[in-house]
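Per-entry structural report
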Amino acid sequence: MITVTIDSPRADLAPDWDDLVARASSNVFMNPAALVAADETHFADIRVLLAWVQEGGKRKLAGVWALQLKRFAPLWPAVLEALPYNYAFLSSPVVDPAYADEAVAAFLGAIDDSALPKVLNLPSLDAEGPGYHALLKALAARGTAPLVLSELARPCVTREFGAKRSGSTRKKLRQDFNRLGALGAVEVVNERTPAEVERAFERFLVLEKASWKGERGTALLSREQDAAFVRRLMHDLAARGDASVAQLRVNGEVIAAQVLMYCGKTAYTWKTAFDAAYAKYSPGALLVDKITDELLAGTGIEAINSCAAESSFMGQLWSGRRAMADMLVDIGPGKSLGYRIEALRLSGYQGLRDLRDRLRSGPASPNKPKKAA
């Protein structure tokens, strides 16, 4: 029997969370430490759905789904978004596979019975995880058809599959590394102690601010509230051993930094930055390539999620792909006005993104097959 509570983010859930992720699907962005950081810095208005099950006379956590209460504009109808805060890149619930169907159905029932909005915006769902299949099953049982906005693929790699060991990309990386080595001593460092992680994260922030992101105002240091949140986020995750910042150094100088997060046996390549003065050596790609081998050679990590689009440089490094989906659902009766407004907004936004991508890729070849709608 599954019961669901709806709470604010709670730090005391850490032991239950650790027990859950040892047997459940992975989503680092649902980590209670991350949710508390977003809540206490007033970065997001979060509701945490907790699915509990009685087993052997003891209550244990069977699922976690953190949802952000969000409005696109002051008078806009509120919706629940399953990316619990900005800079989260996976919205799937964390569920024990043994209870996935029951937990996800109970999540939807709890939302329906509460005063929360009934419109759910579900971007960046892992379409291969147990939570996704349980969600489709629960929606079908309720007679609710989701609006699928897009179906994409995300680069990933596992110990068994996905790392390219040959080809032009691999050849170029070897050449770039050798050329970089001609400049001096090259090393890759990925310290895991909290103090070292925080120092390395500050170096990453400086690198990112000095890049094109700083020029466009999209670097994490460009907005005070964003900077306060991510610093708290990294501090709290690092204290649990759930974050690190890998660095590529030449003669002791950091020329690239990759922020990593960890959940269960999965690592996430969250954010990357590099020194533009070394761009011709592909420092970001070199660092990710080296840290991929290092992580998968150990005993704790079995997969790496890129948190990136298929067109990113990680899509060139890794041949593994994870199916993803963006969906919108209304679990209330019929299709509400709020649902229709949000569907129009998201469809328009997706159309603009598709147009941008077409413009970036240039005119299509007459012999090139068109992408299915």
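What this report covers is the structure whose coordinates are included nearby.

Each value, and the rule that gives it
- For every chain, the first residue of the written sequence is number 1, and numbering continues from 1 along that sequence.
- In view of the model being predicted, local features appear only for residues whose pLDDT reaches at least 70, and side-chain atom pairs are presented and counted only at 80 or more, with totals across whole chains, interfaces and linings using the full set of residues.
- Hydrogens and waters are ignored; side-chain quantities use all the structure's heavy atoms.
- Here, nonpolar core refers to any group of buried Ala, Val, Leu, Ile, Met, Phe, Trp, Tyr and Cys residues whose side-chain atoms link them within 4.5 Å.
- Relative accessibility under 20% of the residue-type maximum defines a buried residue, over 50% an exposed one, and the middle range a partly exposed one, all with a 1.4 Å probe and only protein chains included.
- Strands are runs of DSSP state E lasting at least 2 residues, helices are runs of H or I lasting at least 4, and numbering of each runs from the N terminus.
- For this analysis, residues touch if any pair of their heavy atoms sits within 4.5 Å.
- Strand pairing follows a simple DSSP-based rule, namely that at least 2 bridges must link the two strands.
- Handedness rule for crossovers: strands pointing away from the viewer, path from the first strand over the helix to the second running clockwise, crossover right-handed.

With 84 residues, the main nonpolar core has F29, W65, Y85, F201 and W270 as its most contacted residues. Counting residues per element, this core draws most heavily on strand β2 (residues 46-55), which supplies seven residues. Leave out the neighbours within four places in its chain, and W270 touches F29, Y87, F89, F201, L220, V230, L233, Q258, V259, M261 and C307. Counting residues in each nonpolar core, the second largest holds 25 residues, with A246, L248, L287 and L317 among its members.

Here the focus is the pairing of β2. The buried count for β2 comes to seven of ten residues, which makes it a mostly enclosed element. Examined bridge by bridge, strand β1 (residues 2-7) and β2 share six bridges and lie antiparallel to one another. Within β2, the position partnered with V4 by the bridge is A51. Pairing between β2 and strand β3 (residues 58-70): ten bridges, direction antiparallel. Of the residues in β3, the one forming a bridge with V48 is A66. Taken together, β2 and the strand that follows it, β3, pair antiparallel across an intervening segment of two residues, in which G56 is found at a positive phi of about 65°.

In this section: the pairing of strand β11 (residues 266-274). Counting buried positions along β11 gives seven out of nine residues, so the element sits mostly inside the fold. Alignment of strand β10 (residues 253-263) against β11, held across eight bridges, turns out to be antiparallel. Bridged to A256 within β11 is F274. The pairing of β11 with strand β12 (residues 303-305) spans three bridges and is parallel. The residue bridging A267 from the neighbouring strand is I304, located in β12. Taken together, β11, helix α9 (residues 283-297) and β12 form a β-α-β motif whose crossover is right-handed.

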